[in-house]
Amino acid sequence: MVTVANPAATWNWATPSYPQVSASDRLDADTQLVERCLSGQDAAWEDLVKLHNRRVYSICFRFTNNGSEAQDLTQEVFLRVFKNLKSFRSGEGLFVVWLTRLTRNLLIDHYRRTRMERATESLEDQAGALEENTAMMARTEGMLAGREASELLQAALQKLSPDLRETVILRDLEELEYREIAQVLNVPEGTVKSRLNRGRAELARVLRRHKVRI
């Protein structure tokens, strides 16, 4: 049985901060963990999940805007990782890119499964309810701060098309490089930059409607 720690108790809903490490260091650390997992070391699997659980949960939450749903999807992601770990080839790229691509594929499947359900819901109504229950937040110049602001940002993200939303999430919230995002999305870097510019512009437009300085 594969278990994944529940991040809900400690998650602060703000943009996560990851240790700044070089690509080579990240490649070495992940490769060693993968090799230990494949050799049957249970502790290595726990370390791998612990290291990447928060990132996967963050991506899932940003896409779904639902903590419980994101938790279930995170479990599904790591089940897929567990089943497909042998397919990872360290010489072909970073593990985090492979993991993010796998997460994205699962989210696409989830998006298609729930399309009809979402079609019956009004995003405007959802955003309106959120706005009514969200007090005006303290803000610092050039950035959003606080739980309320994070919730408003999350609601604004839901207004973007899936292509723009995933690009903004991967670049501005998950802090992947353009090259890594291109590998995850299987598109040229130029397309990544174009989608990012459009996504940022659309996100800024939505936030300005709520009188949020960005």
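Scoring rules and cut-offs
- Residues numbered from 1 in each chain as written.
- Predicted model: local features only at pLDDT ≥ 70, side-chain atom pairs only at ≥ 80, totals over all residues.
- Heavy atoms only, no water.
- Helix = DSSP H or I, 4+ residues; strand = E, 2+ residues; numbered from the N terminus.
- Buried < 20%, exposed > 50% of the residue type's maximum accessible area, 1.4 Å probe, protein only.
- Contact = heavy atoms within 4.5 Å.
- Areas by Shrake-Rupley, 256 points an atom, 1.4 Å probe, with all protein chains shown as cover.
- pLDDT = per-residue confidence, 0-100.
- Expected span 1.5 Å × (residues − 1).
- Arc of directions from axis to C-beta.
- Polar contact = N/O pair within 3.5 Å; in protein donor to acceptor, adjacent residues only side chain to side chain.
- Axes fitted to C-alpha atoms, helices over the stretch in contact; angles between N-to-C directions.
- Parallel < 35°, antiparallel > 145°, perpendicular 65-115°, else oblique.
- Left-handed = near helix turned anticlockwise from the far one by under 90°.
- Nonpolar A, V, L, I, M, F, W, Y, C, P; charged D, E, K, R; others polar.
- Salt bridge = Lys/Arg side-chain N within 4 Å of Asp/Glu carboxyl O.
- Core = buried A, V, L, I, M, F, W, Y, C linked by side-chain atoms within 4.5 Å.
- Domains from an automatic or database assignment.

**Student:** Just checking my understanding: could you explain the overall build of the protein chain for this structure?
**Tutor:** Within the protein chain one finds 10 helices and zero strands. Across the protein chain, helices and strands are ordered from the amino to the carboxyl terminus as α-α-α-α-α-α-α-α-α-α. Here the protein chain, with 214 residues, has 42% of them falling under the buried criterion. In the protein chain, 67% of the contacts between residues at least 6 apart in sequence involve partners at least 24 apart. Counting every atom, the protein chain has about 12100 Å² of accessible surface; 49% of that belongs to carbon and sulfur.

**Student:** Help me out: how do you make sense of the confidence of the model for the protein chain in this one?
**Tutor:** Regions with low pLDDT should not have their predicted coordinates read in detail. Per-residue pLDDT for the protein chain has a mean of 76; in total, 69% of the residues score no lower than 70. For the protein chain, per-element mean pLDDT is lowest for helix H6 (residues 123-132), which scores 42, and highest for helix H3 (residues 67-84), which scores 94. Note on residues 5-19: pLDDT under 50 across the span, and 26 contacts to partners over four residues away in sequence or across chains. Between residues 119-145, whose pLDDT stays under 50, and residues either more than four places distant or in other chains, the model counts 27 contacts.

**Student:** Even after reading the chapter, I still don't get H3, so can you show me in this structure?
**Tutor:** Along an α-helix, residues three or four apart share an orientation, since each turn contains 3.6 residues. For H3, spanning 18 residues, the distance from its first C-alpha to its last is 25 Å, which sits close to the expected 26 Å at 1.5 Å a residue. Ala70, Leu73, Thr74, Val77, Phe78 and Val81 are the residues of H3 that are buried. Viewed end-on, H3 has its buried residues packed into an arc of 140 degrees, placing them on one side of the element. The inward-facing, buried residues of H3 abut helix H2 (42-64) and helix H4 (95-113). Residue Asn66 occupies the N-cap position of H3, its side-chain oxygen lying 3.1 Å from the main-chain nitrogen of Ser68.

**Student:** I tried to follow the packing of helix H8 (residues 162-173) against helix H9 (residues 178-185) on my own but got confused; where do I start?
**Tutor:** Two measures define how a pair of helices packs: the angle their axes make with one another and the distance between the axes. Between H8 and H9, the least distance of the axes is 10 Å, while the angle of their chain directions is 140 degrees. Between H8 and H9, the angle falls in the class oblique. Our pair here, H8 against H9, has a crossing hand that is right-handed. Here Glu166, Thr167, Leu170 and Arg171 of H8 come into contact with H9, specifically with Tyr178, Ile181, Val184 and Leu185.

**Student:** How should the packing of H2 against H4 be read in this particular structure?
**Tutor:** With their axes 11 Å apart at the nearest point, H2 and H4 run at an angle of 35 degrees to one another. Our pair here, H2 against H4, has a crossing hand that is right-handed. Facing Leu48, His52, Arg55, Val56, Ile59, Cys60, Phe63 and Thr64 of H2, the residues of H4 in contact are Phe95, Val96, Leu99, Thr100, Thr103, Leu107 and His110. Classifying every residue of the contact of H2 with H4 gives nine nonpolar, five polar and one charged.

**Student:** Can you walk me through the pattern of salt bridges in this structure?
**Tutor:** In this structure the tally under the stated criterion is seven salt bridges. Between Arg55 and Glu174 there is a salt bridge whose closest N-O contact spans 3.5 Å. You can see Arg55 sitting in helix H2 and its partner Glu174 sitting in the loop between H8 and H9, a full 119 residues away along the chain. Each member of the pair, Arg55 as well as Glu174, carries the same accessibility label: buried. For Glu202, the salt bridge identified is with Arg205, shortest N-O distance 2.4 Å. Of the two residues, Glu202 and Arg205 both sit in helix H10 (residues 189-209), three residues apart, roughly one turn of that helix. The partly exposed category is assigned to Glu202, whose relative accessible area is 25%.

**Student:** Would you mind going over the nonpolar core with me for this structure?
**Tutor:** Generally speaking, soluble globular proteins have nonpolar side chains that are buried together. Counting 50 residues, the largest nonpolar core has Val77, Val81, Phe95 and Leu203 as the members making the most contacts within it. Where this core is concerned, the elements lending two or more residues are helix H1 (23-38), H2, H3, H4, helix H7 (146-157), H8, H9 and H10. For this core, the element with the most residues is H2, which contributes 10 residues. Here this core spans two domains, since at least three of its residues come from each of domain 1 (22-113) and domain 2 (127-214). Those residues in contact with Val81, other than ones at most four positions away along the chain, are Trp45, Phe95, Trp98, Leu99 and Leu102.

**Student:** Looking at this structure, I do not really get H10. What am I missing?
**Tutor:** When the terminal C-alpha atoms of H10 are compared, their 30 Å separation across 21 residues agrees well with the 30 Å that a helix rising 1.5 Å per residue should span. Listing the buried residues of H10 in full gives Val192, Arg195, Leu196, Gly199, Leu203, Ala204, Val206 and Leu207. Burial along H10 is one-sided: seen end-on, the buried residues are contained in an arc of 165 degrees. Along H10, exposed side chains directed more than 90 degrees from the buried face belong to Gly190, Asn197 and Arg208.

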